[in-house]
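What the coordinates show
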Amino acid sequence: MTKVITFASPKGGVGKSSLCINTAAYFFAASNLVTVIDTDPQMSSHDWIVESDDPLLQKVKTFHISSEEEIAHFISETDSDIVCLDMEGNLYNSMRFCLAIADLVVVPCRPSRDDLVGLAWVKKLSEAAFSEHPDSNARVVALMNGIEPGSDVFFHIKQQITNDGMEVFNNFLSQSIEIAESNINRVSVINFLGESSKEILKIGQEMELFLER
Ligand SMILES: Nc1ncnc2c1ncn2[C@@H]1O[C@H](COP(=O)(O)OP(=O)(O)O)[C@@H](O)[C@H]1O
Ligand SMILES: [Mg+2]
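A short tour of the structure in this document, coming up.

What counts, and where the lines are drawn
Residues numbered from 1 in each chain as written. Chains lettered and ligands numbered in written order. Predicted model: local features only at pLDDT ≥ 70, side-chain atom pairs only at ≥ 80, totals over all residues. Heavy atoms only, no water. Core = buried A, V, L, I, M, F, W, Y, C linked by side-chain atoms within 4.5 Å. Buried < 20%, exposed > 50% of the residue type's maximum accessible area, 1.4 Å probe, protein only. Helix = DSSP H or I, 4+ residues; strand = E, 2+ residues; numbered from the N terminus. Contact = heavy atoms within 4.5 Å. Expected span 1.5 Å × (residues − 1). Near = heavy atom within 4 Å. Polar contact = N/O pair within 3.5 Å; in protein donor to acceptor, adjacent residues only side chain to side chain. Nonpolar A, V, L, I, M, F, W, Y, C, P; charged D, E, K, R; others polar.

A few words on the nonpolar core. Of all hydrophobic cores here, the largest spans 35 residues; its most connected members are Ile71, Val105, Leu119, Met144 and Ile161. Among the elements of the structure, α3 (68-77), β4 (82-86), α4 (96-100), β5 (104-109), α5 (113-132), β6 (139-147) and α6 (153-163) are those that each provide at least two residues to this core. Looking at this core element by element, the count peaks at 5 residues for α5. Those residues in contact with Ile71, other than ones at most four positions away along the chain, are Ile37, Thr39, Ile65, Leu85, Phe97, Cys98 and Ile101. Counting residues in hydrophobic clusters, the runner-up holds 33 residues, among them Ile82, Leu143, Phe169 and Ile203.

Structure representation (structure tokens):
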């Protein structure tokens, strides 16, 4: 059965597209059929895949779709095991639907006050979306991104998010030149030798656990 992972945040630049692309590559490398649906008019992740010569990303299907009806139709027909939905930084109302149809909503969050406020916003919007779509059963989980390697900021912020009643990934993505360059070079970091690759593998494994539950 197809599993839908939605990458959502009201903020731009928190890492939705970077995590969407690397998650797609992770699941493809783990023998799944994978599609990325980019709902963002900027088409960051769609273009990333279309322009990529990364052998993993070349096997990930991608579509730029922004209407609810077309997304619903695509998901009802697809043979993909995993659909990664990349959203724009502005969670306008019609996109509530992308929260409601998800099995897992990943909310990337940098260690900043504004991003923490954004988390609460997605949580609230998800609750509204779920009440409109009674069949929805998504887990909404924060994922820390842009952590300075070696700092303990992750543990402080994780505690704060947990205290605010939201789930947080145990794994996080550090601030890294590899992630920045992978965007410029249109590749995933899955087969890189550095830390980012290891972090993405751990994040992907944790996503699998969330999807099983
Ligand atoms: N962990 C990270 N380390 C370094 N650069 C990052 C990291 N995460 C994201 N970036 C960079 O930040 C910018 C915004 O990331 P992006 O994934 O496009 O965010 P969003 O889709 O939420 O707007 C991109 O240039 C990306 O390469
Ligand atoms: Mg984006």
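Quick look at the environment of Ala8 now. Position of Ala8 relative to the elements: it lies in the loop between β1 (3-7) and α1 (16-29). Considered as a pair, Ala8 and Val36 are 28 residues apart in the sequence and their alpha carbons are 14 Å apart.

Time to look at helix α8 (residues 195-212). Here α8 spans 26 Å end to end across 18 residues, near enough to the 26 Å set by a 1.5 Å rise per residue. Within the sequence span of α8, burial applies to Ser196, Ser197, Glu199, Ile200, Ile203, Gly204, Glu206, Met207, Phe210 and Leu211.

This next bit is on the site of ligand 1. Surrounding ligand 1, one finds 17 residues, the nearest of these being Gly13, Lys16, Ser18, Asn145 and Ser174. A distance of 2.7 Å is found between an oxygen atom of ligand 1 and a backbone nitrogen or oxygen belonging to Gly13. In this structure, Asn145 approaches ligand 1 through a side-chain N or O atom, which is 2.8 Å from a nitrogen atom. Elements represented by at least two residues in the shell around ligand 1 include exactly α1, β6, β8 (173-174) and α7 (177-185). Of the residues assigned to the shell around ligand 1, the class counts are 4 nonpolar, 11 polar and 2 charged.

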